[in-house]
Amino acid sequence: MTANTVTTNKVQQSISRNKLLGVAGVGWLFDAMDVGILSFVIAALAVEWGLTPSQAGWIGSINSIGMAVGALIFGVLADKVGRKQIFMWTLVLFSIASGLSAFTTTLFAFMALRFLVGMGLGGELPVASTLVSESVEAKERGRVVVLLESFWAAGWLIAALISYFVIPTWGWRIALLLTAIPAVYAIYLRWHLPDSPQFVVKAESKKRSVVQNIQEVWSKKYVRSTLMLWVLWFTVVFSYYGMFLWLPSVMVSKGFDMITSFKYVLIMTLAQLPGYFTAAWFIEKFGRKFVLVSYLIGTAVSAFIFGNAETMVVLLTSGMFLSFFNLGAWGALYAYTPEQYPAIIRGTGAGMAAAVGRIGGIFGPLLVGYLLTAGYDIGFIFAIFCGAIVIGVVGVIFLGQETKQMELD
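Overview of the structure. Keep in mind that what you see is a predicted model, and the values were worked out from it rather than measured.

## Observations concerning empty space enclosed by the protein
Working step 1: The final tally for this structure, using the stated rule, is one cavity of 30 Å³ or more.
Working step 2: Lining the largest cavity, in full, are Met67, Leu125, Glu149, Trp152, Tyr240, Tyr241, Leu327, Trp330, Tyr334 and Arg358.
Working step 3: Elements supplying a minimum of two residues to the lining of the largest cavity: helix H5 (138–165), helix H11 (223–244) and helix H16 (312–336).
Working step 4: Of all the elements, H16 adds the most residues to the lining of the largest cavity, at three residues.
Working step 5: Here the residues of the lining of the largest cavity sort into eight nonpolar, no polar and two charged.

Structure (structure tokens):
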């Protein structure tokens, strides 16, 4: 093989990798827009529909219930019919339900559609990270998956911009429509996306039953990794949705009006991008465990300070660090999860872990709504999330194995 041939192959691989990252990332961005918009919509609905904190908490939780169901069902199906097919199905489900939710007039109808949105979103995210993991060389796999996750920050940023400029003037319905329409473009892009090369060559995966795959995830060989992932996913998602879906509402409760609160959350959201980019650099230099442990500890400290902040400067600064560390940890989590299993059960293993995490996402927003109704202050509530994150850190330290640049089966 000549030097020119080697160079040409490397260029082609780079183009293919960047195309995959771009196509998958665009869909990820639109997903993040919807989740980000929801946190602002909850604050607007609480005013327009006169919702109690408990009812507002249920909106976030029903989204997570759908995500738990979607992660499990679509994760299992990804090992049967392929990553690309599930990628497409979940995006179509998510887009249609998100658009229809803009036309609801009752809390029940809104929550029913949010369940379907959650199913699509919950199924897509672990399948997307699995597809990208299986399509990239080991030496850059972690970095590329974290960069994929960084599209989430861009989506949140756009959601914050839409919420700041659109919701106060044109209302939350227009904001929801804006998040659904661009997803049609992502469907078009994904139509031309190749399936995972590892799934294509693993013909035996189609012959295995769903029960076999689930049993294999909990077999002696993988039980330690599975336990670690379930603890990690539960604690991370529990704390993330408990904190971030309530950020605009927390700002309002601390005395800021809704427009000012949206502006401050927008500023905090900007800190997500450097969180992702630094995690993407560290993850191949120091490893997955280092990034997860250090960024989760940073999240816990920032959350505690944010919950007890008394001044605008402390609130804004700690909120920015909270976004920086938490979303960097998310990037590492999505890179780390698919690496725990071989291709024949990778979708099942990643989907089950994400489903357990979404159970945490159900209880997080509900807990905040319940405790606020009961009269507890934000400082106490955020201290609970700090404790949950520490449990996740302990799980990674004692149960996790380093997978940096490990070749996937």
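## Regarding helix H3 (residues 83–100)
Working step 1: Its 18 residues give H3 an end-to-end C-alpha distance of 26 Å, which sits within 8% of 26 Å, the value for a rise of 1.5 Å per residue.
Working step 2: Within H3, the full set of buried residues consists of Arg83, Ile86, Phe87, Met88, Thr90, Leu91, Phe94, Ser95, Ala97, Ser98 and Gly99.

## Quick word on the packing of helix H14 (residues 272–285) against helix H15 (residues 288–307)
Working step 1: It is at 7 Å that the axes of H14 and H15 come closest, and there the two elements cross at 145°. Contact with H14, carried on its side by Gly275, Thr278, Ala279, Phe282, Ile283 and Glu284, involves Arg288, Phe290, Val291 and Tyr295 of H15 and no other residues of that element.
Working step 2: The class makeup of the residues in the contact of H14 with H15 is six nonpolar, two polar and two charged.

## What about the packing of aromatic side chains?
Working step 1: The final tally for this structure, using the stated rule, is 26 aromatic pairs.
Working step 2: Ring plane angle 75° and centroid distance 5.4 Å describe the contact between Tyr240 and Trp330, whose orientation is recorded as edge-to-face. Of this pair, Tyr240 sits in helix H11 while Trp330 is found in helix H16, placing the two residues 90 residues apart along the sequence.
Working step 3: Using a relative accessible area of 4% as the deciding quantity, one classes Trp330 as buried.
Working step 4: Taking the centre distance of 6.2 Å and the plane angle of 80° together, the rings of Phe282 and Phe290 count as edge-to-face.
Working step 5: Classification of Phe290 by relative accessible area gives partly exposed; the value is 40%.
Working step 6: Through successive ring pairs, a cluster of aromatic residues spans Trp28, Trp156, Trp233, Tyr240, Tyr241, Phe244, Trp330 and Tyr334.

Thresholds, definitions, all that
- As a convention, each chain's residues are numbered from 1 in the sequence order in which they are written.
- Given that this is a predicted model, residues contribute local features only at a pLDDT of at least 70 and side-chain atom pairs are listed and counted only at 80 or more, while totals for whole chains, interfaces and linings are drawn from all residues.
- The side-chain figures draw on all heavy atoms in the structure; neither hydrogens nor water molecules are used.
- Buriedness of a pocket was judged along seven lines, with at least five required to meet protein on both sides within 12 Å; pockets are open sets of points on a 1 Å grid over the protein atoms alone, cavities are sets where a 1.4 Å probe fits but cannot get out, and lining residues have an atom within 4 Å of a point.
- Grid points are joined across faces, edges and corners, and a volume is the space filled by probe spheres set on the points.
- Helix and strand assignments follow DSSP, with helices taken as H or I runs no shorter than four residues and strands as E runs no shorter than two, numbered in order from the N terminus.
- Classes in brief: Ala, Val, Leu, Ile, Met, Phe, Trp, Tyr, Cys and Pro nonpolar; Asp, Glu, Lys and Arg charged; the others, Gly included, polar.
- Expected helix span is computed as 1.5 Å times (number of residues minus one).
- A 1.4 Å probe rolled over the protein chains alone gives each residue an accessible area, and that area as a share of the maximum for its type sets the label: buried under 20%, exposed over 50%, partly exposed in between.
- To obtain each axis, a line is fitted to C-alpha atoms, and for helices this fit is confined to the stretch in contact; angles are then taken between N-to-C directions over 0 to 180 degrees.
- When checking whether two residues touch, look at their non-hydrogen atoms; a contact exists if any pair is within 4.5 Å.
- In summary, the pairing rule links any two rings of Phe, Tyr or Trp, Trp by its six-membered ring, whose centres are within 6.5 Å, and it sorts them by plane angle into stacked for under 30 degrees, edge-to-face for over 60 and tilted for everything else.

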